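Coordinate inspection notes
In case you want the letters, here they are:
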Amino acid sequence: MDKSRRKFLSTAAVATASASMLATTGQASERLEHNQEELFSVLVDSTACIGCRKCEYACNKTHELNDNPLSFFEDRSVLQERRRPEHDAFTVVNAYKDARAKEGEAYVKVQCMHCNDPACVSACLVGALSKDRHGPVLYDAWKCIGCRYCMVSCPFQVPAYEYQDAVAPRVRKCNFCTERIHNGERPACVEICPNEALMFGTRKEMLDVAYGRMSANPDKYDKHVYGEHEVGGTSWIYLTHAGFQAAGFPVLDVQSPAEITENIQHGIFKSFLPPLALYGLLGLIMHASGQKEDSEDSKNA
Amino acid sequence: MKKIFLGLITLSIIVFCTGAVISDEHTSGRIDCSECHTCDRPTTKEPCLIVCPRTAAAHNVGKHSLGEAPDSMVLSSLENLYGPVSFDHKQHAEMSEMGFDCATCHHYSPANEIPPCRECHPAEGVSVNLSQPNLKGAYHRQCLSCHREWSHETKCVVCHAPEQLITDGEMTEDPTDIIGISHPVITVPSKEIYTTPYEKGPIVTFYHNEHVDLFDLKCANCHQDENCGYCHHFEKTTPTAKTMEEIHAVCNDCHLKDKCSKCHGLEEKPPFTHDVAGWKLSKYHTDLECRNCHPTGKRISTLNDNCNNCHAGWDQTNFRHTVVGLQLDEIHMELDCGDCHEDLHYHQKPGCDNCHDDDRDYKKEPPGELLSM
């Protein structure tokens, strides 16, 4: 009896393990099925950015975030502080040290990166965040319950929250000007950029342009297109000279956080095997202990 | 066997013909096809030429003079949020001489023409060539790369008048008031005397006028990349101090092989005379420009005293000896040049030893009649 039980348990364990392994591998191949031809992207050439903050102005105006006039954005002193996107500023420009740049500093625009495999979408309990097939990561305030898991999960710390609104606060972040894109226009920030530091196109085109510039001016660019592979790739990709770490971007794994966590969770519960095994085990224990009691009862009798 | 042989012959003929056709065309194999063509197989019907050939040859815009260029222009292709830009071309063109000349802005222009910016940079939509900015980007990159360097600002109104003000008629300043204004004349020093920490020769005399007028150097030969921001700096009033290497690097472009004492001395050095070079210029050479004999580039090329350096065509049949003030007599006229001028070194003293044993001097007993020069 003992032998057969041990056998059963070990078989069950192996079966569970291999099932979850299968589930894991199966899951990985299902991810990232974006059509690169219809996935839009913006290439930010940080070496061409002059820190004029026109993108901030255009963004504020398009999304009706506030009434700040153009002159408000001519204040360049704010560039020195490393800012994050806020509930009333979906994009911000920061300065960082770059010895090659004329004034010893280069500028980088920060906003939602629109990950190919967004951690926020994965973390959202109620599906308020979704990934559009054209690239934008979209937010639906009606579904949102305000748990702010998206803010915690974002590897770039982008989503902001309307803490000051007691009644109906929302998570706020760049939506890639999704209405404009669907109307065949470029995002507002790309449209206004006077120096064409921002370029809009399909992700494939933008990667081609990025590598083209890199090979044409090998001294001008760091050999890393940030966002090409980070967290499974992002829709916004960056070229810098001083390197992405100098520009303030985090060092991130190629695998997206969503992929890692979902593989573990979905793997375990795949095909309902672990619960079955658990309940099977419990049933066996009950059965065995019941038998034991029976035999003890019969002995006593 | 025979078949293989025939096959080989046919193959070699094909290869030869193809090679001949290609080399007959403009490709000698030195230019990469992709420099001019966008497709892999260009044909005469569809040459698929790149709009702006960015070949090294197209960089040369040095043949244009300021006189050809407009004084001012109105850049109005992209009026939208802001009014047109009144651009003082003259002032920019004049001052570009201290940097990269016209090519500072007119990059990739062929030698014989300056194509308008919009020929390569489309005014609307996305560029044909994605890596080439469209007109708005091209304008702003050109202007702002320098302008923000000295103003430390990226305000639009530095160049543009807001469209709103124009339509409302509230413009207080005349945007065209900069038109045709030249940069204030920069006083060029004729001589600069520097005191240096070099103990063996603290005084350095630099004749600026000689380098410009005599040696025909262009401003940019020494004043490299000294664009507007070099002087017009928002924060600094004097150019930053240069390191020893940086100071010497400017002179070393030409004077690398010279000794320290060429420039450094205990006292002020006299201006340049050709005697310093070891050859006092005679009557015929004093009127010449340096470049007539030393034509090559920025550096003054070294010549030896062989007349043939410049007068390559002269030989015994066409050289009139009277130009040096001596009419040779009949006997000496028949001799070879090298009989008197040893090893054809005409600048050295000619010798009579080849024929005469009496140690005679050519000046005391000239081989002909001396002419008054």
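Everything numeric in this text was worked out from a predicted model, so none of it was measured. (Residues numbered from 1 in each chain as written. Chains lettered and ligands numbered in written order. Predicted model: local features only at pLDDT ≥ 70, side-chain atom pairs only at ≥ 80, totals over all residues. Heavy atoms only, no water.)

1. Side note on the overall build of chain B
Within chain B, the regular secondary structure consists of 12 helices and 7 strands. The 373 residues of chain B split such that 18% are buried. Entry remark: accessible area of chain B is about 27100 Å², with carbon and sulfur atoms responsible for 58%. (Helix = DSSP H or I, 4+ residues; strand = E, 2+ residues; numbered from the N terminus. Buried < 20%, exposed > 50% of the residue type's maximum accessible area, 1.4 Å probe, protein only. Areas by Shrake-Rupley, 256 points an atom, 1.4 Å probe, with all protein chains shown as cover.)

2. A word on the pattern of salt bridges
According to the stated counting rule, one finds 13 salt bridges over all chains in the structure shown. In this structure, the salt-bridge partner of E268 of chain B is K191 of chain B, at a minimum N-O distance of 2.4 Å. Highlighted residues: E268 of chain B in the loop between β5 (264-265) and α10 (290-293) and K191 of chain B in the loop between α5 (163-168) and β3 (192-195), separated in sequence by 77 residues. We classify E268 of chain B as partly exposed; its relative accessible area is 38%. Salt bridges linked by common partners bring R53, E56 and R83 of chain A together as one network. (Salt bridge = Lys/Arg side-chain N within 4 Å of Asp/Glu carboxyl O.)

3. Considerations on helix α4 (residues 135-151) of chain B
Residue and element names in this part refer to chain B. Its 17 residues place the ends of α4 23 Å apart at the C-alpha level, agreeing with the 24 Å of an ideal helix rising 1.5 Å per residue. When we look at burial in α4, the residues that qualify are L135, G137, A138, Y139, H140, L144, C146, R148, E149 and S151. Just downstream of α4 lies H152, where phi reads positive at about 55°. (Expected span 1.5 Å × (residues − 1).)

4. As for the sheet that holds β5 of chain B
Residues and elements named next belong to chain B. In spatial order, the strands read β3-β4-β5; together these 3 strands make up an open sheet with antiparallel pairing. Of all the strands in the sheet, just β3 and β5 have a single pairing partner and so form its edges. As paired elements, β3 and strand β4 (residues 203-206) share 4 bridges and run antiparallel to each other. What sits directly across from Y194, in β4, is V204. (Pairing = 2+ DSSP bridges.)

5. Digging into unusual backbone geometry
Phi angles above zero are rare outside glycine, and R53 of chain A is one such case at about 65°. Along the polypeptide, R53 of chain A turns up in the loop between β1 (40-45) and α2 (54-62). A positive phi is found at D359 of chain B, a non-glycine position, where the angle reads about 50°. Within the secondary structure, D359 of chain B is located in the loop between α12 (337-340) and β7 (368-370). The class for D359 of chain B is exposed, based on a relative accessible area of 68%.

6. Remarks on the packing of aromatic side chains
According to the stated counting rule, one finds 11 aromatic pairs over all chains in the structure shown. Between R148 of chain A and the ring centre of Y161 of chain A, over which it is positioned, the NZ or CZ distance is 6.0 Å. (Phe/Tyr/Trp six-rings, centres within 6.5 Å; stacked < 30°, edge-to-face > 60°. Lys NZ or Arg CZ within 6 Å of the ring centre and 35° of its normal.)

7. Comments concerning a negative patch on the surface
Where like charges cluster on the molecular surface, the negative patch consists of E342, D343, D353, D357 and D359 of chain B. Structurally, D353 of chain B is set in the loop between α12 and β7. (Patch = residues over 30% accessible without salt bridge, like charges linked within 9 Å, V, L, I, M, F, W, Y side chains within 5 Å. Lys, Arg positive; Asp, Glu negative; His and termini not counted. Charge placed at Lys NZ, Arg CZ, Asp CG, Glu CD.)

8. As for the nonpolar core
The nonpolar side chains of a soluble globular protein tend to be buried, and buried together. All names here are of chain A. Grouped together as the largest cluster of nonpolar side chains are 38 residues, with contacts concentrated most on V42, F156, L198, W236, Y238 and F249. Beyond its immediate stretch of four places on either side in the chain, L198 contacts V42, L43, V44, K109, C189, V190, C193 and W236. Of all hydrophobic cores here, the second largest spans 11 residues; its members include M206, V209, M214 and I237. (Core = buried A, V, L, I, M, F, W, Y, C linked by side-chain atoms within 4.5 Å. Contact = heavy atoms within 4.5 Å.)

9. Here we look at the sheet that holds strand β8 (residues 198-202) of chain A
Residue and element names in this part refer to chain A. Taken together, 3 strands build an open sheet; the order of strands is β8-β1-β9 and the sheet is mixed. Looking along the sheet, the strands with just one partner apiece sit at the ends: β8 and β9 (236-239). In this sheet, neighbouring strand axes are inclined to one another by 25° on average, regardless of whether the strands run parallel or antiparallel. Judged from the 4 bridges that link them, β1 and β9 form a sheet pairing that is parallel. The partner of V42 across the bridge, within β9, is W236. Together, β1, β8 and β9 form the strand contacts of helix α7 (residues 203-216), whose direction differs from that of β8 by roughly 130°. (Axes fitted to C-alpha atoms, helices over the stretch in contact; angles between N-to-C directions.)

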